[in-house]
4 protein chains.
Amino acid sequence: MGNRHIQGIIPPMITPLGDMNSLDIPGLEKLVEHILSGGVQGLFILGTTGEAQSLSYELRHELIERVCRQVGKRVPVLVGISDTSLVESLHLAEKAFAEGATAVVSAPPYYYAPAQQELIDFYQGLADVLPLPLFLYNMPSHVKVKIEPATLKAIAEHPNVIGLKDSSADMVYFHSLIQIMKDKADFSLLVGPEELTAEAVLLGADGGVNGGANMFPSLYVTMYKAAKSRDLDTVLALQQQIMYISNSIYKIGKYGSSYLKGVKCACSLLGLCSDYMALPFQRFNAPERKRVQQILETLGYTVVNP
Amino acid sequence: MGNRHIQGIIPPMITPLGDMNSLDIPGLEKLVEHILSGGVQGLFILGTTGEAQSLSYELRHELIERVCRQVGKRVPVLVGISDTSLVESLHLAEKAFAEGATAVVSAPPYYYAPAQQELIDFYQGLADVLPLPLFLYNMPSHVKVKIEPATLKAIAEHPNVIGLKDSSADMVYFHSLIQIMKDKADFSLLVGPEELTAEAVLLGADGGVNGGANMFPSLYVTMYKAAKSRDLDTVLALQQQIMYISNSIYKIGKYGSSYLKGVKCACSLLGLCSDYMALPFQRFNAPERKRVQQILETLGYTVVNP
Amino acid sequence: MGNRHIQGIIPPMITPLGDMNSLDIPGLEKLVEHILSGGVQGLFILGTTGEAQSLSYELRHELIERVCRQVGKRVPVLVGISDTSLVESLHLAEKAFAEGATAVVSAPPYYYAPAQQELIDFYQGLADVLPLPLFLYNMPSHVKVKIEPATLKAIAEHPNVIGLKDSSADMVYFHSLIQIMKDKADFSLLVGPEELTAEAVLLGADGGVNGGANMFPSLYVTMYKAAKSRDLDTVLALQQQIMYISNSIYKIGKYGSSYLKGVKCACSLLGLCSDYMALPFQRFNAPERKRVQQILETLGYTVVNP
Amino acid sequence: MGNRHIQGIIPPMITPLGDMNSLDIPGLEKLVEHILSGGVQGLFILGTTGEAQSLSYELRHELIERVCRQVGKRVPVLVGISDTSLVESLHLAEKAFAEGATAVVSAPPYYYAPAQQELIDFYQGLADVLPLPLFLYNMPSHVKVKIEPATLKAIAEHPNVIGLKDSSADMVYFHSLIQIMKDKADFSLLVGPEELTAEAVLLGADGGVNGGANMFPSLYVTMYKAAKSRDLDTVLALQQQIMYISNSIYKIGKYGSSYLKGVKCACSLLGLCSDYMALPFQRFNAPERKRVQQILETLGYTVVNP
């Protein structure tokens, strides 16, 4: 399987949609090239940022196919297969394997809240039958349970389990993961929230799965490299920009989903792709979109689709 | 559409499984007859108790087909179509319609946590395209959001929305639903937890979707009738039995899912069907099963499959 | 100790304040007589509704003294001694004893969240030194922990522990308490939320600690008596009024504390006492007060202090 | 008031107790000298680690007096005045002022959960009357509400408010505080969890209020200095030790309070002071104490009181 040690910035790609059950194909193609042009070290599709759970399986299959073919091994492609049913997760993984993806990513089943031993059972059962290496995905805000450090240690014994993406935003927890996995150097520990990538990488993480990299891939890649090389002046300067984005684009309106809506809206304003969202979400309304435009302009970006 | 006013005890059926991706067909047939023989007023398949989210879509389709055919209109069949994707919910509803089900039941999408307006958008979008009447399913412990009373009022304007099942166990909330829907007499308000069916029916509910009715259907039917006819002595006597079941069979082990495991284990001990569970859950182990056996015997039931 | 079996409606009295650290003495005297005139079976001061935690100890002592003297044994007086420090709880209890109160009421210590065994230790330590009988106070929304049924069973072994007030609004829990205490007939189980008093009493509770009884004591007393005598037509009619109050007066504004503000505002409008509130809360503003006035008038009450 | 810009390691001191309502005076004196000998930049008494809420006011007053006198201005002393009653907070602050403390520290009132505007009202009311500068204390796990960044900005307008200690362990939040306060250079932003002090200081925090510094003050002081001077090799080496302590001493038993019990037990084993704890907590039992001893020995410390 070659190098299984995933490192760097692996953007969780938004899914450009034409309508509820179709892709925005020109937008998708443009977006993929935009992200790759930023020097990212991988691409993660069908994650939380990709609205995976809101899409039909048919559409998820089409997306896997199109993205894998377009990327054409230029960077590793990770495919989200999170599902409440192990069988359905496996179907997605089989498609990812058939299209040449690098690995699959799975959050805990998210309807019933499993106990830690049940998480171990589920992931071992899954890893046994998967045709591709498995990344775990810690996402307690959405799935209601945390993958405890001792649980990770048990699951990571399986040769098919190669990393974990942590979107908990809980750095005490993340440091515990680093500590517990320190003897397994090729196990990838990635952090989700872009606000935390700097400190995570400074203190031992392998990289970030940062949604902002849909809009500004090189910003996050530069941050990663600065942190990796301990260039703290650059880190501090970029951290200010990243916090500005976080506290502006991702905080519009009263929605729990402002982050998702903000990223998709900004990509539309930047001329990359449609901002159509699958239910239960809807795109930002006109005043909200105007606000994103102002922020982009403040940041010095050119809005081509106002 | 005939009588759309669902009332009485509508058991949320467990799904008898042979293994991870197959039904226990003899068990299923036996279980359906056992439940119907208790005089229940309907049957709800593919709910939380039915492990719906853990099953493949193929298996869910097969279950819809088999149960609808076996019941043969003897009682209304309600089919759970809860999903994170509106398109997938619709696919399930189309199957339910094709097989002659009475209505479908949908909890809010459960990965992303929608805001109340987003719930309204989602349910209106769904009700517009559904081929069958829609029951809402309030289940905040599993889906992270509550269908607020004002949200219900907005959604219930849709002619296709005929009722709500509340599994929140929050009786202040349930009384608010009764108050807000009091001008719509044919809207069904059902309560999930069997521990609350007596008081809910005494104070205006239309019935209960009680998991214990998989094991002991006539107990819950008798309770419903006693509450409906204000026979408080009977209500108090049966409430004691129901609380005993709740505090014994549903409280074994340290699992969040003890209720589910307990019901399935008891059905197996009573000789109805297999207790195989889909991951992330596993059936009770031998000492746990022994404990369920003791409880059933204390209750005076005959264990045929120890 | 005479009759320790507390039953009926025991209103949790609001504390009429002149300013941050003084009582509204004429208001207090008027309010006590107003409540007693409704036929209540007891009075509970320094509970959550009494803003106890926001008051200085000096003021709490003064309130104990004044209320006990004014009531003059006409009904039992229960005094809240909830504190994070056992020693300070004891100081309050000593004052209550000195003034002739009937019992004290204590929620779990509310800064650190104790484990269940720690709750047992705390309450046994407290009961050992208290000069008065002890009511437990289950209030998980404010103290972060629930007094589990098995914990209650352990604590209730202490001869000084005579009852529990449950403000969790969790009726499955409350039925478990009834079940677990069924062999101790003189142990009082009272329910806090007035929306649930009817069903609780119908199914075995001893009464209600209902905040609305500050405003309308006879409404809740009549409801209690109707439920006690199984007069379900009266129960249903009064339940509608109670739910109307709950969904109007207690739901004004965006505050978590609307209930508290609503009760105090209504008492002010009815000419009973000041609506001054201790920080961190502040009384309703003019439009909010106007709204309460309209509701009172809709209910047929005369507003004497608009 | 001289230099109000608090920086560095300010240990939250445990409170050595003789019994429920008395100090372990020799232990207290030894502990204060032990901590100061580690080169700390301040001392914080009566915080969460100090079991403040479990102590009587009389005992809190005695502690303020003894510690202020013993420290004798060698370092700033910060005194916790967190209370549910503004009047009682003020009484504590007056004592702190009388004894020459440097500042007071206040978490939001923790029984009722205030809304953000109510937090602003409370803190402004408090700051108006306090005789000493005020540190805010963000502690959502214990007080149920977070001091939102915009709320901090509003409160920090008050000239008497000089800093904030954040114990939320939420670094996205902490970075937002840094961003929002960046124009107020002398406002101190301190982080509570020692596991996060390194990254917080690297990215702009003023220091840490780290409980482990009761046991090992120089470890945390060295870490702070390494982070301040961007000596990342030292930071990484010390971070490993700090995470080892966090995942061993603070994770014994099934208690939510293992951290508190662990620190107090370790201080006892190191011969500093008694490990008596105020209810609702109790000291570690013998096997738990043995486990702490083993960890201390693994870390190379000499256990003088096994």
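For clarity, every value in this text was computed on a predicted model and none was experimentally measured.

Reading guide: rules and limits
- Residues numbered from 1 in each chain as written.
- Chains lettered and ligands numbered in written order.
- Predicted model: local features only at pLDDT ≥ 70, side-chain atom pairs only at ≥ 80, totals over all residues.
- Heavy atoms only, no water.
- Pairing = 2+ DSSP bridges.
- Helix = DSSP H or I, 4+ residues; strand = E, 2+ residues; numbered from the N terminus.
- Contact = heavy atoms within 4.5 Å.
- Axes fitted to C-alpha atoms, helices over the stretch in contact; angles between N-to-C directions.
- Buried area = accessible area lost by both parts, 1.4 Å probe.
- Salt bridge = Lys/Arg side-chain N within 4 Å of Asp/Glu carboxyl O.
- Polar contact = N/O pair within 3.5 Å; in protein donor to acceptor, adjacent residues only side chain to side chain.
- Nonpolar A, V, L, I, M, F, W, Y, C, P; charged D, E, K, R; others polar.
- Least-squares fit on C-alpha atoms with pLDDT ≥ 70 in both.
- 1 Å grid on protein atoms, 1.4 Å probe; cavity = no way out; pocket = protein on both sides within 12 Å on 5 of 7 lines; lining within 4 Å.
- Points joined across faces, edges and corners; volume = space filled by probe spheres on them.
- Buried < 20%, exposed > 50% of the residue type's maximum accessible area, 1.4 Å probe, protein only.
- pLDDT = per-residue confidence, 0-100.
- Left-handed = near helix turned anticlockwise from the far one by under 90°.
- Phe/Tyr/Trp six-rings, centres within 6.5 Å; stacked < 30°, edge-to-face > 60°.

Draft legend 1. Inspection of the sheet that holds strand 1 (residues 8-9) of chain D at higher detail. All names here are of chain D. Strand order across the open sheet formed by 8 strands is 1-10-9-8-7-6-5-4, with parallel pairing between neighbours. Both outer strands of the open sheet, strand 1 and strand 4 (43-45), are each paired with one neighbouring strand and no more. The sheet contact formed by strand 6 (residues 103-106) and strand 7 (residues 134-138) spans 3 bridges and is parallel. From the neighbouring strand, V104 faces strand 7, where its bridge partner is L134. Against the sheet, helix 4 (residues 116-129) makes contact with strand 6, strand 7 and strand 8 (161-166), and its axis sits at roughly 155 degrees relative to strand 7, the strand it touches most.

Draft legend 2. Fine view of the interface of chain B and chain A. Counting residues at the interface gives 40 residues for chain B and 40 residues for chain A. Both sides together, the interface formed by chain B and chain A hides about 3400 Å², and carbon and sulfur atoms give 63% of it. Considering only the side of chain B, the residues that lose the most area to chain A are B:Y111, B:Y112 and B:P280, jointly responsible for 25% of the buried surface there. In this structure, the connection of chain B to chain A is made through 2 salt bridges. Its salt-bridge partner being B:K261, residue A:E118 comes within 2.4 Å of it at the nearest N-O pair. Counting across the interface, chain B meets chain A through 19 residue pairs in polar contact (both at pLDDT 80 or more). Sorting the residues of the side of chain B that touches chain A by element identifies helix 2 (57-71), helix 3 (86-98), helix 4 (116-129), helix 5 (140-143) and helix 11 (258-269) of chain B as the ones contributing at least two each. The residue makeup of the side of chain B that touches chain A, split by class, is 20 nonpolar, 13 polar and 7 charged.

Draft legend 3. Main features of the relation of the copies chain B and chain A. Its rotation angle being 180 degrees, the transformation that places chain B on chain A also includes 0.0 Å of axial translation and leaves an RMSD of 0.0 Å. Viewed as a symmetry operation, the transformation between the two copies matches a two-fold axis. Taken as a fraction of all interface residues of chain B, those also at the interface in chain A reach 100%, which identifies the copy contact as same-surface.

Draft legend 4. The arrangement of the interface of chain C and chain B in detail. With 23 residues of chain C at the contact, the number on the chain B side is 23 residues. Overall, the association of chain C and chain B removes approximately 2200 Å² of surface from exposure, summing both partners, and the carbon and sulfur fraction of that is 62%. C:R230 serves as the salt-bridge partner of B:D233, at 2.9 Å between the closest nitrogen and oxygen. The interface formed by chain C and chain B includes 8 residue pairs in polar contact (both at pLDDT 80 or more). When residues of the side of chain C that touches chain B are traced back to their parent elements, those giving at least two are helix 7 (171-180), helix 8 (197-202) and helix 10 (232-248) of chain C. Top element by residues in the side of chain C that touches chain B is helix 10 of chain C. It accounts for 9 residues. Taken together, the residues of the side of chain C that touches chain B break down into 12 nonpolar, 6 polar and 5 charged.

Draft legend 5. Highlighting the sheet that holds strand 8 (residues 161-166) of chain A. All names here are of chain A. Across the sheet, 8 strands lie side by side as 1-10-9-8-7-6-5-4; this open sheet has parallel pairing. Each edge of the sheet is formed by a strand with only one pairing partner; in this case those strands are strand 1 (8-9) and strand 4 (43-45). Against the sheet, helix 7 (residues 171-180) engages strand 7 (134-138), strand 8 and strand 9 (188-191), with an angle of about 170 degrees to strand 9.

Draft legend 6. Broad picture of empty space enclosed by the protein. Enumeration over the complete set of coordinates arrives at 6 cavities of 30 Å³ or more. Of the volumes computed, that of the largest cavity is approximately 60 Å³. What lines the largest cavity is simply A:Y57, A:R60, A:D83, A:T84, A:Y110, B:Y57, B:R60, B:D83, B:T84 and B:Y110. Those elements giving two or more residues to the lining of the largest cavity turn out to be helix 2 (57-71) of chain A together with helix 2 of chain B. Split by residue class, the lining of the largest cavity holds 4 nonpolar, 2 polar and 4 charged.

Draft legend 7. Expanded view of the side chain of D:S248. Residues and elements named next belong to chain D. Tracing the backbone shows S248 in helix 10 (residues 232-248). In this structure S248 comes out as buried when scored by relative accessible area, which is 6%. Among the polar contacts made by the side chain of S248, one reaches the main-chain carbonyl oxygen of Y244 at a distance of 2.6 Å.

Draft legend 8. Focus on the confidence of the model for chain A. Of all residues in chain A, 99% have pLDDT values of 70 or greater, and the mean over the chain is 97. Interface confidence for the predicted complex, expressed as ipTM, amounts to 0.96; the pTM equals 0.97.

Draft legend 9. A look at the packing of helix 3 (residues 86-98) of chain C against helix 4 (residues 116-129) of chain C. Residue and element names in this part refer to chain C. Contact geometry for helix 3 and helix 4: axes closest at 10 Å, N-to-C directions at 35 degrees. For the element pair helix 3 and helix 4, the recorded crossing hand is right-handed. Residues L86, S89 and L90 of helix 3 form the contact with helix 4, whose own contacting residues are F122, G125, L126 and V129. A per-class count over the contact of helix 3 with helix 4 returns 5 nonpolar, 2 polar and no charged.

Draft legend 10. Molecular detail of the relation of the copies chain C and chain B. When chain C is fitted onto chain B, the two copies agree to an RMSD of 0.0 Å after a turn of 180 degrees and an axial shift of 0.0 Å. Most of the interface of chain C is mirrored in chain B: 100% of its interface residues are interface residues there too.

Draft legend 11. The arrangement of the arrangement of the chains in detail. Structurally, chain A and chain C remain out of contact, their C-alpha atoms never closer than 14 Å. Across the gap from chain B to chain D, with no contact made, the nearest C-alpha atoms are 14 Å apart.

Draft legend 12. Spotlight on the environment of A:M181. All names here are of chain A. The residue M181 is located in the loop between helix 7 and strand 9 in this model. Look at M181 and you get buried, because its relative accessible area is 7%. Among all residues touching M181, those that are not within four sequence positions of it are L152, K153, A156, F187 and L189.

Draft legend 13. Seen up close, the packing of aromatic side chains. This structure, assessed with the given rule, holds 36 aromatic pairs over all chains. With a centroid separation of 4.2 Å and an interplanar angle of 25 degrees, the aromatic rings of B:F216 and B:Y301 are classed as stacked. Pair noted here: B:F216 is in the loop between strand 10 (207-208) and helix 9 (217-228) and B:Y301 is in the segment after helix 12 (286-298), with a separation of 85 residues, a long-range link. Note on B:F216: relative accessible area 2%, which makes it buried. Linked through ring pairs, A:Y110, A:Y111, A:Y112, A:F281, B:Y110, B:Y111, B:Y112 and B:F281 together constitute an aromatic cluster.

Draft legend 14. Spatial organisation of the side chain of C:H5. All names here are of chain C. With respect to the helices and strands, H5 occurs in the segment before strand 1 (8-9). A distance of 3.0 Å separates the side chain of H5 from the side chain of D206, its partner in a polar contact. Those residues in contact with H5 that lie beyond four places of it in its chain are A185, D186, F187, S188 and D206.

Draft legend 15. Just the pattern of salt bridges, in detail. In this structure the tally under the stated criterion is 48 salt bridges over all chains. Between C:E62 and C:R66 there is a salt bridge, and its shortest N-O distance comes to 2.9 Å. Here C:R66 and C:E62 lie together in helix 2 (residues 57-71), a separation of 4 residues that amounts to about one turn. C:E62 gets classed as partly exposed once you look at its relative accessible area, which sits at 27%. Taking the relative accessible area as the measure of exposure, C:R66 reaches 32% and is therefore partly exposed. Several salt bridges share partner residues, and in doing so they unite A:E65, A:R69, A:K95 and A:E99 into one network.

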